[in-house]
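Remarks on the overall topology
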Amino acid sequence: MTTSENTDGIGDGQHTLCGVRLAGALAALGLVDPVCAEVLTLLNLRVYPGNATAGDRTAYVVLDIHGVSIGVKRRAADLYLHADTTETDDRLIAFEINGGGETDHPTR
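About the criteria used
Residues numbered from 1 in each chain as written. Predicted model: local features only at pLDDT ≥ 70, side-chain atom pairs only at ≥ 80, totals over all residues. Heavy atoms only, no water. Helix = DSSP H or I, 4+ residues; strand = E, 2+ residues; numbered from the N terminus. Buried < 20%, exposed > 50% of the residue type's maximum accessible area, 1.4 Å probe, protein only. Polar contact = N/O pair within 3.5 Å; in protein donor to acceptor, adjacent residues only side chain to side chain. Axes fitted to C-alpha atoms, helices over the stretch in contact; angles between N-to-C directions. Parallel < 35°, antiparallel > 145°, perpendicular 65-115°, else oblique. Left-handed = near helix turned anticlockwise from the far one by under 90°. Contact = heavy atoms within 4.5 Å. Nonpolar A, V, L, I, M, F, W, Y, C, P; charged D, E, K, R; others polar. Phe/Tyr/Trp six-rings, centres within 6.5 Å; stacked < 30°, edge-to-face > 60°.

Before going further, it helps to examine the environment of Thr86. Considering the arrangement of structural elements, one finds Thr86 in the loop between β6 (79-84) and β7 (92-96). Residue Thr86 is classed as exposed on the basis of its relative accessible area, which comes to 64%. In this structure, the C-alpha to C-alpha distance between Thr86 and Thr107, residues 21 residues apart in sequence, is 8.2 Å. Looking at Thr86, its side chain comes within polar contact range of the side chain of Asp84, at 2.7 Å.

This next bit is on the packing of helix α1 (residues 19-28) against helix α2 (residues 34-42). Closest axis-to-axis distance for the α1/α2 pair is 6 Å, and the angle between their directions is 150°. What the angle tells us is that α1 and α2 run roughly antiparallel. α1 and α2 meet at a crossing whose hand is right-handed. Residues Gly19, Val20, Leu22, Ala23 and Leu26 of α1 form the contact with α2, whose own contacting residues are Ala37, Leu40 and Thr41. Counted by class, the contact of α1 with α2 contains six nonpolar, two polar and no charged residues.

Moving on to the packing of aromatic side chains. Each pair of aromatic rings is reported with the distance of its centres and the angle of its planes. Counting across every chain of the model gives two aromatic pairs. With 6.1 Å between their ring centres and 35° between their planes, Tyr48 and Tyr60 make a pair best called tilted. With Tyr48 in strand β3 (residues 44-48) and Tyr60 in strand β4 (residues 60-65), the pair connects residues that are twelve residues apart, well separated along the chain. Pairing Tyr60 with Tyr80 gives two aromatic rings, centres 6.1 Å apart and planes at 45°, and the pair type is tilted. Of the two residues, Tyr60 sits in strand β4 while Tyr80 sits in strand β6, which places them 20 residues apart along the sequence. The exposure class assigned to Tyr80 is partly exposed, which follows from its relative accessible area of 27%.

Next up, the structure:
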């Protein structure tokens, strides 16, 4: 698995994992089926170190897939989820929490 620290001078501590490399490495080991390999090649994973001083209990993990970024981290008082669809023309996100049924949320 290849990870790299962001070196663009932003200083945010971002680490990334390229889905194409991950899929290739797993395929070479014979550990991934073709359907999963296709999805993995489209996946981008970013990890930002947590800030315990700000109340973070975990790193902030962002998955980019299908033109959407989904971020998650555990904070001292809650679980933070973030969905970013600004690069899509989606007008509505339907989401579900713990099997409680879908809830629609407008994106604009």
